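As a plain string of letters, each chain reads:
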Protein chains: 2
Amino acid sequence: MPADFTLSCPVPIQDYPQVTLAHGGGGRLTQQLIDRLFGAAFRNPLLDQKHDGAVMETDGRRLAFTTDSYVVHPLFFPGGDIGSLAVNGTVNDLAMCGARARWLSCGFIIEEGLAMETLWKVVRSMRQAADAAGAQIVTGDTKVVDKGRGDGLYVNTAGVGVVESARPIAPAQVVPGDVVLLSGDVGRHGMAIMSVREGLQFESPIQSDCAPLVEPVMDLLQAGLEIHCLRDLTRGGLASALNEIAAVAAVQVDIDEAAVPVEEPVRGACEILGFDPLYVANEGRFAAFVPAREAERALQILRGHSQCQAAATIGVVKKADAGLVTLKSRIGASRILDLLSGEQLPRIC
Amino acid sequence: MPADFTLSCPVPIQDYPQVTLAHGGGGRLTQQLIDRLFGAAFRNPLLDQKHDGAVMETDGRRLAFTTDSYVVHPLFFPGGDIGSLAVNGTVNDLAMCGARARWLSCGFIIEEGLAMETLWKVVRSMRQAADAAGAQIVTGDTKVVDKGRGDGLYVNTAGVGVVESARPIAPAQVVPGDVVLLSGDVGRHGMAIMSVREGLQFESPIQSDCAPLVEPVMDLLQAGLEIHCLRDLTRGGLASALNEIAAVAAVQVDIDEAAVPVEEPVRGACEILGFDPLYVANEGRFAAFVPAREAERALQILRGHSQCQAAATIGVVKKADAGLVTLKSRIGASRILDLLSGEQLPRIC
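Residues numbered from 1 in each chain as written. Chains lettered and ligands numbered in written order. Predicted model: local features only at pLDDT ≥ 70, side-chain atom pairs only at ≥ 80, totals over all residues. Heavy atoms only, no water.

A. The arrangement of the relation of the copies chain B and chain A in detail. Superposing chain B onto chain A requires a rotation of 180° together with a translation of 0.0 Å along the rotation axis, leaving an RMSD of 0.0 Å. The two molecules are tied by a two-fold rotation axis, judged by turn and shift. Here 100% of the interface residues in chain B have copies in chain A that are interface residues too; the copies meet face to matching face. (Least-squares fit on C-alpha atoms with pLDDT ≥ 70 in both. Contact = heavy atoms within 4.5 Å.)

Here it is, written out as structure tokens:
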């Protein structure tokens, strides 16, 4: 039993008597909930790695294990749907552990009244996404809740993969001297969802970047590159992911804003809706922390994959006393890129 | 890609244009949804075993993998809560594969406004249940949905365990000549929940049987008993579990009603509310199919565990052309014990 297990609720309930939407937004309150509440209750060495998944050893074989629930609204959006999102999200969390997804589970929470055809479209999409990633959906569960107690459909996926990397890939492996690589342009998924929700019209709709990342990652590993950390840039976007990693590794990460690719329609939608693309969710982008000497070769490998053609070096890792992320803006000024405190984009994934 | 993958929705949408509560009740409609819709989309040899979990082989080591989402209402009930239920349910599904749960994931879908203290109580309960079962919660996810789009809290757990049984334990292993053992009295969990919901008052409240089943199962395995199939008697109860197994194994299962233990308060609550205890959910009971010669030794081992003291032989397996379950009533008449068509107990787990 962990030492602080008999304590009262470790999240200050005078400040947060109830869970708010911001607790699920991927920013500071999400981190607080995970670190203080779940961390205090569940504490163990695997969970404490604070990675996208757990890496477990059994008989000298390393397996990765991860889960995500999906509550995205709407269920269908340009470039994907809750089904492809749920499969790719779990496939990608495993890839970030250096693992190839092998086996997936799925849990459905269906609101009474969901059209049967809608459910069929979603599960068909899940199968296609699983096939594309080389994974199998091997076990599942279905629950139905009464009308008004859900929102059509929520999907959970968990996944087990075999770790293909000989060395650990995790936030704690990041060291000063590493560079930060970004696999492509950012902000598409969040803005694809928000454009639908807000009824924004563009000449061509913004497509989610939802895609499996396993092949580019496996190519990096097979080339024998020294990879310190991988992180897909989902809820909370690039800025939140970098903050989480900087905090665990206790390093300073300096990012060059001009080096971060953002497509023009995404930039436009962000301006209209008041979002910073660095905080907007992606579902097919990741950051890689590698020693500077490996950067060029890694970028060459990444650019050989269609979804990583815009891969770029966007920053460097420096020594620091505590985690910190800074951003050098296009006009040369430098500022701290912090976790967001409030709610940014609810139900984006 | 499976052969029938290009078909239109395989559940007849003229009959079922929408998902109903009965599709989640564990009866005939749940089976139809799983077999026709999920089965058609996801088809693969592991899923097609139709067991409580999938058994996967990697490097000669066999792992079991399972998932369940929990939407029980209310969140707290006599004998347990959604947290202990979610951990024990997944631990038990793995036990039914002959596996000891090692690693668990948890996914939370929280409705905005849930009291922080309630969440803390639930996660503390999950930790205690995991400790009791010898498992670790190693990875997780949190989503928050807007008010009116959930019901306080939904929890998903998935689990990975190491299979300790040398021979396969699965419905297809059941053969004529097997006997059916039941690990204890039935109907407690469902009636504990329904008594709270309906405001029934008893001298002492009916306690859920929610408990981990891993130790009795591991003892059966360590004794070297030949076990053909194990199944925990959750949603849909004993009757549904037997029907599912009889269908996969294509055998007739004859049950003796008088041999099935039902505690008096449970029987009383079932009579008041109009339920048949054989269809009521349990969360700490299982059926074991073993060759007749193993029955006595198995019962002795089971009765050494506090939650299995009422273990009994309740039926036999006979040759048949298709799956069938019959019940010999207390007055000697025999009838078919079928899957229920409608909704019995929504949101019991």
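B. The sheet that holds strand E12 (residues 312-319) of chain B, seen in detail. Residue and element names in this part refer to chain B. With mixed pairing, 7 strands are arranged side by side in an open sheet as E9-E11-E8-E12-E10-E13-E14. Two strands close off the open sheet at either side, each with one partner strand: strand E9 (229-232) and strand E14 (334-336). The sheet shows a mean angle of 25° between the axes of neighbouring strands, direction not considered. With 5 bridges connecting them, strand E10 (residues 251-256) and strand E13 (residues 324-328) associate as parallel partners. Bridge assignment links Gln252 to a residue of E13, and that residue is Leu324. (Pairing = 2+ DSSP bridges. Helix = DSSP H or I, 4+ residues; strand = E, 2+ residues; numbered from the N terminus. Axes fitted to C-alpha atoms, helices over the stretch in contact; angles between N-to-C directions.)

C. Representation of the pattern of salt bridges. Inspection of every chain in the model, using the stated rule, returns 38 salt bridges over all chains. Among the salt bridges present, the one from B:Glu226 reaches B:Arg293, with a minimum N-O distance of 2.6 Å. Separated by 67 residues along the polypeptide, B:Glu226 in the loop between helix H5 (214-222) and E9 and B:Arg293 in the loop between strand E11 (286-291) and helix H8 (295-303) bring together distant segments of the chain. Residue B:Glu226 is classed as partly exposed on the basis of its relative accessible area of 22%. By relative accessible area, which is 62% here, B:Arg293 ends up exposed. Linking B:Glu244 and B:Arg231 is a salt bridge whose minimum nitrogen-to-oxygen distance equals 2.8 Å. Of this pair, B:Glu244 sits in helix H6 (residues 237-249) while B:Arg231 sits in strand E9; the two residues are 13 residues apart in sequence, bridging distant segments of the chain. Assessed through its relative accessible area of 4%, B:Arg231 is described here as buried. Connected through shared salt-bridge partners, A:Asp68, A:Arg235, B:Asp141 and B:Lys143 make up one network. (Salt bridge = Lys/Arg side-chain N within 4 Å of Asp/Glu carboxyl O. Buried < 20%, exposed > 50% of the residue type's maximum accessible area, 1.4 Å probe, protein only.)

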